[in-house]
Amino acid sequence: MAMRVRKAVFPAAGLGTRFLPATKAQPKEMLPIVDKPIIQYGVEEALAAGCDQIIIVTGRGKSAIEDHFDVSYELEKMLEERKKTDLLTIVRQISDMIHVAYVRQKEAMGLGHAVLMARELVGNEPFAVLLADDVIDANPPCLKQMIDQFNQTQSSIIATQQVDGPAISSYGVIDATPVKGNDRLFEVSNMVEKPRLAEAPSNLAIIGRYILTPTIFDVLDKTPLGTGGELQLTDAMRLLLKQEKIFGYRYEGRRHDAGDKLGFLKATVEFALKRPELNPEFRDYLKSLDL
Ligand code: UTP
């Protein structure tokens, strides 16, 4: 029987050092772009892609994420009394969204380790991993595009993006051959973490969306600690390649690296301009700046 992707894992236990002091007491996943925490963009993407179970791997500041997706009786009561129905709808939509399960990563021991923490909740089925700080503006949503591919290949899929020039050295990069008849799909033969431009095997950079078969858990269990003494997901995927096919998928859409200050600022500007209630005045304001 064909496997279906129903579960989406959000590793959110990183230290978020690039956003200190904002991330001293709250996870970076709670930083808002306009008025929505970045993790909510990801959760909405997973739901739109057909996932109905959300698993969040948390570390410090766990309560902020839990409270966000939980019912807030006091707030709802207050909005009701004040007849703020629009705001009430927005607040209720979040808690009505889905059931979210949480698992704790006690120590930030790397992305691979965070994924491994979700093993029991995921079980023996394929699942998605979304790094919330990659906020992707796409229609259909990036994860939906990937699940459509997975439904054909039934193999693990990594989202990739074309990155030209020296910027490629900030990413994991795939070595891959194009799949005939699908100009967005590549069969992966290897992966290299942060290569120098001259050594990059392609210009296809790995970004924060994955679909993985449950075999990855056994592999992660046996993967030695890598760079920085952390359990790296890329190292495990490289080992997975010895057992199963992995595909790279060049998604269609626009990605913002909201885990980086400049990327976060750009995302804020672009998402604000997309909001009809903000656009005219914000646009005028940006144009008025003497740059
Ligand atoms: P990053 O590489 O962006 O690290 O993690 P970070 O700690 O969050 O942020 P900086 O670099 O210190 O500013 C990529 C993703 O993996 C998660 C993070 O929460 C983020 O979503 N992660 C990373 C974990 O859940 N656990 C870890 O041990 C490491």
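Anything mentioned here points back to the structure above.
Residues numbered from 1 in each chain as written. Predicted model: local features only at pLDDT ≥ 70, side-chain atom pairs only at ≥ 80, totals over all residues. Heavy atoms only, no water.

S.K.: Help me understand the site of the ligand, please; the structure alone is not making it clear to me.
M.R.: Inspection of the region around the ligand gives 18 residues, with L15, T17, R18, Q105 and G110 positioned closest. Within the contact set of the ligand, an oxygen atom lies 2.9 Å away from a backbone nitrogen or oxygen of A13. For the ligand, the protein covers 81% of the area, taking 570 Å² as the surface of the free molecule. Those elements giving two or more residues to the shell around the ligand turn out to be β1 (7–12) and α5 (111–116). Here the shell around the ligand is built from residues that sort into nine nonpolar, five polar and four charged. (Near = heavy atom within 4 Å. Polar contact = N/O pair within 3.5 Å; in protein donor to acceptor, adjacent residues only side chain to side chain. Areas by Shrake-Rupley, 256 points an atom, 1.4 Å probe, with all protein chains shown as cover. Helix = DSSP H or I, 4+ residues; strand = E, 2+ residues; numbered from the N terminus. Nonpolar A, V, L, I, M, F, W, Y, C, P; charged D, E, K, R; others polar.)

S.K.: Got a minute to help me understand the pattern of salt bridges in this structure?
M.R.: Proximity of charged atoms lets side chains of opposite charge pair with each other. Here the structure, examined in full by the defined rule, presents 21 salt bridges. Close ionic contact of D218 with R119 constitutes a salt bridge, the shortest N to O distance being 2.6 Å. Here the residue D218 occupies a position in helix α8 (residues 215–222), and R119 occupies one in helix α6 (residues 119–122), the gap between them amounting to 99 residues. Classification of D218 by relative accessible area gives partly exposed; the value is 40%. Assessed through its relative accessible area of 28%, R119 is described here as partly exposed. (Salt bridge = Lys/Arg side-chain N within 4 Å of Asp/Glu carboxyl O. Buried < 20%, exposed > 50% of the residue type's maximum accessible area, 1.4 Å probe, protein only.)

S.K.: Looking at this structure, I do not really get the pairing of strand β11 (residues 204–212). What am I missing?
M.R.: In the case of a regular strand, side chains alternate between the two sheet surfaces. Judged by how many residues are buried, β11 sits mostly within the fold: nine of nine residues are covered. Two elements, strand β6 (residues 127–130) and β11, share four bridges in a ladder whose sense is antiparallel. Residue pairing across strands places L130 opposite R209, the latter belonging to β11. Both strand β8 (residues 156–162) and β11 contribute to a ladder of five bridges, which runs antiparallel. Residue pairing for β11: Q162 is matched across the bridge by L204. (Pairing = 2+ DSSP bridges.)

S.K.: What am I meant to see in the environment of K242 here?
M.R.: Its place among the elements puts K242 in the loop between α9 (233–240) and β12 (246–250). Along the chain, K242 and D134 lie 108 residues apart, while their C-alpha atoms are 28 Å from each other.

S.K.: Before we go on, may I ask you to explain the pairing of strand β10 (residues 182–193) in this structure?
M.R.: For strand β9 (residues 172–179) and β10, the ladder comprises eight bridges, and the chain directions are antiparallel. What sits directly across from P178, in β10, is F186. In this structure, the hairpin formed by β9 and β10 is closed by a connection of two residues, where G181 is found at a positive phi of approximately 80°. As defined by bridge partners, β10 adjoins β12 across three bridges and the pair is classed as antiparallel. If you follow F186 over to β12, its bridge partner there is G248.

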